[in-house]
Amino acid sequence: MSGKRADYISWDEYFMAVAKLAGMRSKDPNTQVGACIVSEDNKILSMGYNGFPRGCSDDEFPWAREGDPLATKYVYTVHSELNAILNYRGGNLEGAKIYVSLFPCNECAKAIIQSGIKTIIYDCDKYADTDPVIASRKMLDAAGVRYYRYEPTDRQIVITV
């Protein structure tokens, strides 16, 4: 009998790939972010991506990034992390991990903390020097939520559908 496969993907590769795949559902023309919430024993609990709330047509609400705030996406969009938390129907997320393709903003950090998620694994931190992310880190640190950057392996995961 031969040994097991040696080239299988790690848990971090698997769940980050799921988060990024979820982000591909976003209809935002500029930023597609996905999130995947995972139990302590590596079971997927929920997923989410950035978009408008249920019942708010993505053909009628704005996708603009600049201009009058009410004519931009920012006041209407639900971020991937919050969508993943709200999509969970199992009750308690205490001790869970969340994989997210973009470091959480301050509003998502509040939801992550309040939901009991204890670890954040993120891919990109392009807004690290902005007030929302600085505030996010401050709250996460104070609440004892661990976070670390996903270490890319440069492995290509190809899915043909």
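This report concerns the structure included in the present document. Bear in mind the structure is a predicted one, so any value in this text is a computation, not a measurement.

This part is about the nonpolar core. Counting 21 residues, the largest nonpolar core has I37, I85, L93, I98, I112, I117 and I120 as the members making the most contacts within it. Ignoring any residue separated from it by four or fewer positions in sequence, one finds L93 in contact with I37, L45, I85, Y88, S115, G116 and I117.

Taken as a whole and judged by the stated rule, the model has 8 salt bridges. For the salt bridge of E13 with R155, the shortest nitrogen-to-oxygen distance reads 2.9 Å. Highlighted residues: E13 in helix α1 (residues 11-23) and R155 in the segment after β5 (146-149), separated in sequence by 142 residues. Under the relative-accessibility criterion, E13 is labelled buried at 5%. We classify R155 as partly exposed; its relative accessible area is 37%. In this structure, K118 engages E94 in a salt bridge whose closest nitrogen and oxygen atoms are separated by 4.0 Å. Remark: E94 occurs in the loop between α2 (80-87) and β3 (97-102) and K118 occurs in the loop between α3 (106-115) and β4 (119-124); sequence separation between them is 24 residues. The class of K118 is partly exposed, set by a relative accessible area of 35%. Here E94 falls in the partly exposed class, since its relative accessible area comes to 48%.

Conventions we followed
Residues numbered from 1 in each chain as written. Predicted model: local features only at pLDDT ≥ 70, side-chain atom pairs only at ≥ 80, totals over all residues. Heavy atoms only, no water. Core = buried A, V, L, I, M, F, W, Y, C linked by side-chain atoms within 4.5 Å. Buried < 20%, exposed > 50% of the residue type's maximum accessible area, 1.4 Å probe, protein only. Contact = heavy atoms within 4.5 Å. Salt bridge = Lys/Arg side-chain N within 4 Å of Asp/Glu carboxyl O. Helix = DSSP H or I, 4+ residues; strand = E, 2+ residues; numbered from the N terminus.

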